[in-house]
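Structural description and commentary
Here's the letter readout for the chains.
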Amino acid sequence: MNKKLGVYICHCGGNISDYIDVEKVKAAVAGEDGVYLAKTTMFACSDATQKEMVEDIRSNNLDGIVVASCSPKLHLLTFRAVSERALLNKYNYVHANIREQGSWAHSDDKAGATEKAVSLVKAAIAKVRLARSLDPIIIPSKKAVAIIGAGVAGMRAAIELADMGCPVTLVEREYFVGGRVAQWDVMFTTNQTGKELVTRLYNEVIARDNITLLTGAEVVANSGSIGDFTLKIKVTPRYMKEKCDQNNLLKAIEACPVVVPDDFNFNITSRKAIYHNFPGEFPQYPVIDIKNCTRCGECEKICSSVDFSQQEQTVEVHVGSVVMATGFDPYTPAEGEFGYKLSDFVVTLPQFKRLTDINKDNLVYNGREIRNIAYIYCVGSRQSEGDNKYCSRYCCTSAIHASLEARNKFRNVNNFHFTRGIRTYGKQELLYAESLRKGDVYLQAYEENPPLVEVKDGQITVTINDIMTGGREISVIPDLLVLVTGMVPRADNSIASKFKLPKGRDSFFNEIHMKLRPVETVIDGVTISGACQGPKNITESVNSALSAAAKSYSFVNKGELALEPIIAGIDKDLCTWCGECEKACPFDAIKKEKQGEKEIAVINNSVCKGCGMCLPVCPVNAINLIAFSDREIESMIDALVSV
Amino acid sequence: MASINTGFSKELTKFGAFDFNACYNCGTCTAVCSLSTGEDSFPREMIRYSVLGLEDDIKASLKPWLCYYCGECTTHCPQEADPGELMMSLRRWLTSVYDWTGLSGLLYRSLTASIIAMTLTALAVIAYAVVTNFDLEKIMHTGHIFEMVVIGTVFTVILLPNLLRMWNFIILKPGIKVPFKNYVTGLRDLVVHMFTQKRTLGCDDSQVRWFEHLILVFGYLGLLFTTVFLNWFSSESTFVIVLGYVVSIIIFTVTVIFVSERIRKRREMSKKSQPSDWMFVVWLFMMGLSAFAVRLFIDLGILQNNIWLYLAHMIILVQWALVIVPFGKWTHFLYRSFAMYFDAIKKN
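Residue positions are given per chain, counted from 1 along the sequence in the order it is written. Each chain gets a letter, beginning with A, and each ligand a number, beginning with 1, in the order they are written. Only residues with pLDDT of at least 70 are given local features in this predicted model, and only at 80 or more are side-chain atom pairs given and counted; all residues enter the totals for whole chains, interfaces and linings. Only hydrogens and water are removed before side-chain values are computed, so all heavy atoms of the structure are retained for them.

Quick word on the overall build of chain A
Our working definition: Runs of H or I in DSSP of at least four residues are treated as helices and runs of E of at least two as strands, each being numbered from the N terminus. Burial classes follow relative accessibility: with a 1.4 Å probe on protein chains only, a residue under 20% of its type's maximum area counts as buried, one over 50% as exposed, and anything between as partly exposed. By the counting rule applied here, Lys and Arg register as positive and Asp and Glu as negative, while His and the ends of each chain are not counted. We put the charge of a Lys on NZ, of an Arg on CZ, of an Asp on CG and of a Glu on CD.
A count of helical and extended segments in chain A gives 16 helices and 34 strands. Burial analysis of chain A (643 residues in total) assigns 55% to the buried set. Of the charged side chains in chain A, 74 are positive and 78 negative; the average position of the first set lies 2 Å away from that of the second.

Given below as structure tokens:
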């Protein structure tokens, strides 16, 4: 073991050298075994110093380097790149943090800080002496992506991936694609209807041979990991043949005796067990809702397309990456929350939007002509005491847009908005301005003094202490009260547990880094897009969908993946399988495997992140972490205590 | 507990208000206003009352009269909601609310009604001239008597009851207790503001505006005094004759400035002129000019042959006294000064 080592001790301007005597540190480590050169530098990260390091390593054939400077969080990648440029395997560089753990922490004790820095650098030298060159782990990656959810985000991501030449399986739980957007009528800013957007996307989806669309389909099991996911998908049939005579279908729907609330219209209307959402829905053939169907056979008598012989199927797909695009649910207020369920004339924003779409000439609900409409904002959002602390972002704009639609479409509509401050960010501000100019009335209160809703003899009274009018008590007696509800995660979010997807405090799916890695999850190979990640409008959903498509494509496009080699390894001889490591692993990377007569733990190299959680729980010390072996760590401890 | 009246916005637009619903309550208008104080904060609050249609609050408020329309709020409004013009419209609306006859409101809302009123008064004068067989002496004598009678009648029958109504809305109805002593001590403020409009000096814009207005007020009061009490047209006194010339010149010169400002639209306050604004300055101008001409014709001894001139002057005078003074913009002279009076007695 005659490694030639280089040691660089950084001043960091004065951040380090004002408290630590860097020259003294250099002198203390220069004589260490193997240290060929030791230097101090004003800024190790500067271009000039980086070039100097490359030159040193090359001309002196150094076998390893130590950089003592700031936290590796800041510059680990910088100096790994320096090593690589000097043709030195990057795992032969070890970092010592003498700023955050030295000068900054001990600015009151310069001598002590210097002493500590010497120890830290010596420990790093001890580690680099034992460092090995490592190569990335190469695993095959199947060039195919599964997208869960065929709303705007899912469909847009599918089209993008398909166009890059990647086969896509698009899995939709419902029988019709389009998700929430299919439920909306005209939308800001394009003035297109939700149906138009969905039609456009659907036509593009079916025009591509490499997209397989499964409707009525649910992922029931997932195994494998990045590069090789195996999804089991249960596909419920529509019990209808593809071609269907329109007249017979309408008669069959009429004949069906089963009436259930229509969730397409958020239960303000009802539908039959044989149904279709609207004439332009996709795929354009109806469904028999088998959960509610009584199999009376009335429809079968009228419509020859009804086919009860269709069977539920389970299909298996193999993909290299998965895009989650499962969307959101609208918040459902608790009974009595702002009068919800206390009157027939209290509805949620999504219900109101369906209502304005369904009504043609007059706005009539439950037999009452609606003229004065009150809107209470932030219902189920921005709850400082409740679960949903976040702002749902879309609701202010959506409510104002819906109220303007109602004003423009129906006669004599007066809108009264009870807000907590309007958040129509960006171009959506134009809508707010238009609403004001048209004479909509906006009243505002703080969260601690919300509007009060009273229901008495069928009459709703909304009272507020309006902070815009010096806290004056002002009341409105509306014909209809709309609760502007926000977004919450899907009520049935069981898909998350199948992928072990982490959720944030708001229960939406969580990204790795909100700003820099916004569509990746800690589960390698699984990306998230659209409102399953948190409240988003359509623009934002499609943005994130395209981003997720690009990211997922990067996992699969080369057919193989290079992974970080610092992972755990099992000593087969020592392991006796107790299962402790499996329990400790946060990434599900350890599985029991039979090897001959013996059961031992096996690490899935493509899933292991090298976090080291399994190491201390092993009772027989059968697990070692590459680059952090017992020998390496012990040698560092020796160096630290020997000073 | 107050209820919202969305119809009020529409009503106010008939008095000249424009797009004030666009207000998003940032309060920039109030922040830039040099007359707004912590105690009397405006114009945002008035916009808010107008948007919500809180009529009783507006009636009980003196704030529209505390604004002297420099227009800074309108210049700085990010929503172009024109708060300055809203305050102006509220003053017009309040004028119509104070007026027990309801004619003010009718004339403010409808240009047609104003034209009809002007035409009827003109016809009446002509009809009288016909009846007297165009006897100049008789007409001039009647004209002088008319002036005195009308001043008394308009004041006692229309303006005084309207002031009492204003007092009712502002002091009585809201239940404000004012000691009698205040009514006496406040008279000082009444007189000062009536004759000096000194609050205008608090506005940030050029003080030329205040000076022009002050001169006009004195010119107008001077002409009123000279013609009615000194009987300018029949006077032999050189002093009276010269005084009459001076004040009538003042009137038609200053009003020319005012009219040209409204045409050039340089200042926020002159950008949006309602018919009532035009009528006020134009009639004032014509009154000054025609009075000047009448006396000139008398001095040149040619009025007898130009009886039309006196008739024209008479028509302008009658229209002024029967339409503009009791039901038009003239009333701001009283309401502004009484607003300062009520403000003073409330606060003392």
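Having seen it, we continue.
Quick look at the sheet that holds strand E4 (residues 93-97) of chain A
Residue and element names in this part refer to chain A. Counted only if it meets this: Here, any two strands with at least 2 DSSP bridges between them count as paired. Note on definitions: angles span 0 to 180 degrees between N-to-C directions of axes, and those axes are lines fitted to C-alpha atoms, for helices only across the stretch in contact.
Strand order across the open sheet formed by four strands is E2-E1-E3-E4, with parallel pairing between neighbours. The strands lining the two open edges of the sheet, one partner per strand, are strand E2 (35-41) and E4. Within this sheet the neighbouring strands show an average axis-to-axis angle of 15°, counted without direction. When strand E3 (residues 64-69) meets E4, the two strands line up parallel, connected through five bridges. Bridging across to E4, valine 66 finds its partner in valine 94.

Thoughts on the environment of A:Ala252
Residues and elements named next belong to chain A. Inclusion rule: Residue contacts are counted whenever heavy atoms from the two residues lie within 4.5 Å of one another.
Secondary-structure assignment places alanine 252 in helix H8 (residues 246-255). For alanine 252, a relative accessible area of 0% corresponds to the buried category. With 210 residues separating them along the chain, alanine 252 and methionine 42 place their C-alpha atoms 83 Å apart. Setting aside residues no more than four positions away along its own chain, alanine 252 makes contact with Ile274, Cys299, Ile302 and Cys303.

Examining unusual backbone geometry
Excluding glycine, residues mostly have negative phi values, and the peptide bonds linking residues are mostly trans. A cis amide bond, omega -10°, links A:Phe282 with the succeeding residue A:Pro283. As for its position among the elements, A:Pro283 is in the loop between strand E13 (274-275) and strand E14 (287-288). Note the cis peptide between B:Phe42 and B:Pro43, where omega equals 10°. On the secondary structure map, B:Pro43 appears in the loop between helix H2 (28-32) and helix H3 (44-52). With phi around 55°, A:Asn412 is a residue other than glycine that occupies positive phi space. Inspection of the secondary structure puts A:Asn412 in the loop between helix H11 (395-409) and strand E22 (414-419). Phi is positive for B:Asn231, close to 50°, though the residue is something other than glycine. With respect to the helices and strands, B:Asn231 occurs in the loop between helix H13 (208-228) and helix H14 (238-264).

Notes on the packing of helix H2 (residues 47-60) of chain A against helix H3 (residues 72-85) of chain A
Residues and elements named next belong to chain A. Let me state the cut-off plainly: Angular relationships are summarised with four words: roughly parallel below 35 degrees, roughly antiparallel beyond 145, roughly perpendicular across 65 to 115, and oblique for the angles in between. Throughout, a crossing is termed right-handed when the near helix is turned clockwise from the far one, and left-handed when it is turned anticlockwise from it by less than a right angle. Note that Gly is not counted as nonpolar here; it falls among the polar residues with everything else outside the nonpolar set of Ala, Val, Leu, Ile, Met, Phe, Trp, Tyr, Cys and Pro and the charged set of Asp, Glu, Lys and Arg.
At a closest axis distance of 9 Å, the pairing of H2 and H3 adopts a crossing angle of 40°. Judged by the angle between their axes, H2 and H3 are oblique. The interaxial crossing formed by H2 with H3 has right-handed handedness. Contact residues: H2 offers Gln50, Met53, Val54 and Arg58, while H3 offers Thr78, Phe79, Val82 and Arg85. Classifying every residue of the contact of H2 with H3 by side-chain character gives four nonpolar, two polar and two charged.

Examining the pairing of E3(A)
Operational definition: With the strands pointing away from the viewer, any crossover whose connection runs clockwise from the first strand over the helix to the second is right-handed.
A large share of E3(A) lies buried, amounting to six of its six residues. After leaving E3(A), the chain enters H3(A) and then returns to the sheet as E4(A), a path that is right-handed.

Topic: the interface of chain A and chain B
The criterion, for reference: The buried area of a pairing is the accessible area, by a 1.4 Å probe, that goes missing from both parts when the two are put together, added over both. We define a salt bridge as a contact between a side-chain nitrogen of Lys or Arg and a carboxyl oxygen of Asp or Glu at a distance within 4 Å.
The partner chain B presents 20 residues to the 20 residues of chain A that form the contact. Across the chain A/chain B interface, buried area totals approximately 1,700 Å², and carbon plus sulfur atoms make up 52% of it. Among the residues chain A hides against chain B, the three largest losses belong to A:Arg437, A:Met468 and A:Arg472. Together they make up 33% of the total. At the surface where chain A touches chain B, the tally comes to three salt bridges. Note that A:Asp466 is salt-bridged to B:Arg48, the shortest N-O span being 2.8 Å.

Notes on the pairing of strand E25 (residues 459-466) of chain A
Residue and element names in this part refer to chain A. Summarising burial for E25: six of the eight residues are buried, a large majority. In the sheet, strand E24 (residues 452-456) pairs with E25 via five bridges, with the strands oriented antiparallel. Looking at E25, one finds that leucine 452 is bridged to threonine 463. In sequence, E24 turns back onto E25 through a hairpin of two residues, with aspartate 457 there showing a positive phi of about 50°. Direction of pairing for E25 relative to strand E26 (residues 472-476): antiparallel, over a ladder of five bridges. Counted as the bridge partner of aspartate 466 is arginine 472 from E26.

A word on the packing of aromatic side chains
Test applied: Centre distance within 6.5 Å is the pairing criterion for rings of Phe, Tyr and Trp, where only the six-membered ring of Trp is used; planes under 30 degrees apart are then read as stacked, over 60 as edge-to-face, and the remainder as tilted. Should the NZ of a Lys or the CZ of an Arg lie within 6 Å of a ring centre and within 35 degrees of the ring normal, that charge is described as sitting over the ring.
The tally for this structure, following the rule as stated, stands at 30 aromatic pairs over all chains. Taking 5.6 Å as the distance between ring centres and 80° as the angle between the ring planes, the aromatic pair formed by A:Phe352 and A:Tyr375 counts as edge-to-face. Here A:Phe352 is found in helix H10 (residues 349-358), whereas its partner A:Tyr375 is found in strand E21 (residues 372-379), with 23 residues between them in sequence. By relative accessible area, A:Phe352 is classed as buried at 0%. A relative accessible area of 0% means that A:Tyr375 is categorised as buried. Within the aromatic cluster, the residues linked to one another by ring pairs are B:Trp232, B:Phe233, B:Tyr245, B:Phe252, B:Phe292 and B:Tyr310. We note A:Lys4 situated over the ring of A:Tyr36; from NZ or CZ to the ring centre the distance is 4.4 Å.

Focus on a nonpolar patch on the surface
For clarity, the cut-off: Candidates for patches are residues over 30% relative accessible area with no salt bridge; among them, like charges are joined within 9 Å and nonpolar side chains (Val, Leu, Ile, Met, Phe, Trp, Tyr) within 5 Å. A 1.4 Å probe and the Shrake-Rupley method give the accessible areas. Residues count as covered only by the protein chains that appear here.
Together, B:Ile116, B:Leu120, B:Leu123, B:Ile126, B:Val130 and B:Phe134 make up an exposed nonpolar region whose accessible area comes to about 550 Å². Here B:Phe134 shows up in the loop between helix H9 (111-131) and helix H10 (136-172).

Describing the domain arrangement of chain B
Residues and elements named next belong to chain B. This is how the line gets drawn: Per the annotation, domain bounds derive from an automatic or database assignment of domains. Pairs of N or O atoms are called polar contacts if they sit within 3.5 Å, as long as, within protein, a hydrogen donor faces a hydrogen acceptor (for residues adjacent in sequence, only side-chain-to-side-chain pairs).
On domain assignment, one finds that chain B holds domain 1 (7-98) and domain 2 (111-347). Counting residues at the interface gives 29 residues for domain 1, matched by 31 residues for domain 2. When the area that domain 1 buries against domain 2 is broken down by residue, the three leading residues are Leu62, Tyr68 and Tyr98, summing to 30%. Linking domain 1 to domain 2 there are three salt bridges. Linking domain 1 to domain 2 there are 13 residue pairs in polar contact (both at pLDDT 80 or more). Only helix H5 (63-66), helix H6 (72-76) and helix H7 (83-98) provide two or more residues apiece to the side of domain 1 that touches domain 2. Tallying contributions element by element places H7 first for the side of domain 1 that touches domain 2, with seven residues.

Overview of the packing of helix H12 (residues 187-196) of chain B against helix H18 (residues 332-347) of chain B
Residue and element names in this part refer to chain B. Two elements in contact, H12 and H18, have axes whose closest approach is 8 Å; the angle formed by their N-to-C orientations is 150°. Our pair here, H12 against H18, has a crossing hand that is right-handed. In this structure, H12 uses Leu187, Asp189, Leu190, His193 and Met194 to contact H18, whose residues at the interface are Phe333, Leu334, Ser337, Phe338, Met340, Tyr341 and Ala344. Looking at the contact of H12 with H18, its residues break down into nine nonpolar, two polar and one charged.

Some words on the state of the cysteines
All names here are of chain A. Operational definition: Two cysteine sulfur atoms form a disulfide, by the criterion used here, when they sit within 2.5 Å.
Using the criterion set out here, one finds zero disulfides over all chains in the structure. Here cysteine 575 stays free of any disulfide, with the sulfur of cysteine 581 as its closest cysteine sulfur at 6.3 Å. Its sulfur unpaired, cysteine 581 is 6.0 Å from the next cysteine sulfur, which belongs to cysteine 578. Note on cysteine 581: relative accessible area 8%, which makes it buried.

Let's talk about helix H5 (residues 110-130) of chain A
Just so we agree on the cut-off: By this rule the span expected of a helix is its residue count minus one, scaled by 1.5 Å.
An ideal rise of 1.5 Å per residue puts 30 Å on 21 residues; H5(A) measures up with 31 Å between its terminal C-alpha atoms. Across the 21 residues that make up H5(A), a large majority, 16, are buried.

Describing the sheet that holds strand E29 (residues 526-528) of chain A
Residue and element names in this part refer to chain A. One open sheet accounts for five strands, arranged E8-E7-E6-E16-E29; its pairing is parallel. Unpaired on one side and paired on the other, strand E8 (211-214) and E29 mark the two borders of the sheet. Sheet twist, expressed as the average angle between the axes of neighbouring strands with direction ignored, equals 20°. Pairing of strand E6 (residues 145-148) with strand E7 (residues 168-171), which is carried by four bridges, proceeds in the parallel orientation.

Side note on the domain arrangement of chain A
Once the domains are mapped, chain A shows domain 1 (5-134), domain 2 (145-235 + 312-327 + 490-556), domain 3 (246-302), domain 4 (330-488) and domain 5 (564-626). If you average the C-alpha positions of domain 1 of chain A and of domain 4 of chain A, the two centres end up 62 Å apart.

Some remarks on the nonpolar core
Going by this rule: In this text, buried Ala, Val, Leu, Ile, Met, Phe, Trp, Tyr and Cys residues form a nonpolar core when linked through side-chain atoms within 4.5 Å.
Counting residues in hydrophobic clusters, the biggest one holds 173 residues, and the most contacted among them are A:Phe352, B:Met166, B:Trp320 and B:Trp330. Residue contributions to this core peak at 15 residues, all from helix H17 (residues 307-327) of chain B. Not counting chain neighbours up to four residues away, the residues in contact with A:Phe352 comprise A:Val347, A:Leu363, A:Ile373, A:Tyr375, A:Ala402, A:Ser403, A:Ala406, A:Leu480 and A:Val482. Formed by 62 residues, the second largest nonpolar core is a distinct cluster that contains A:Cys166, A:Val177, A:Leu561 and A:Cys618.

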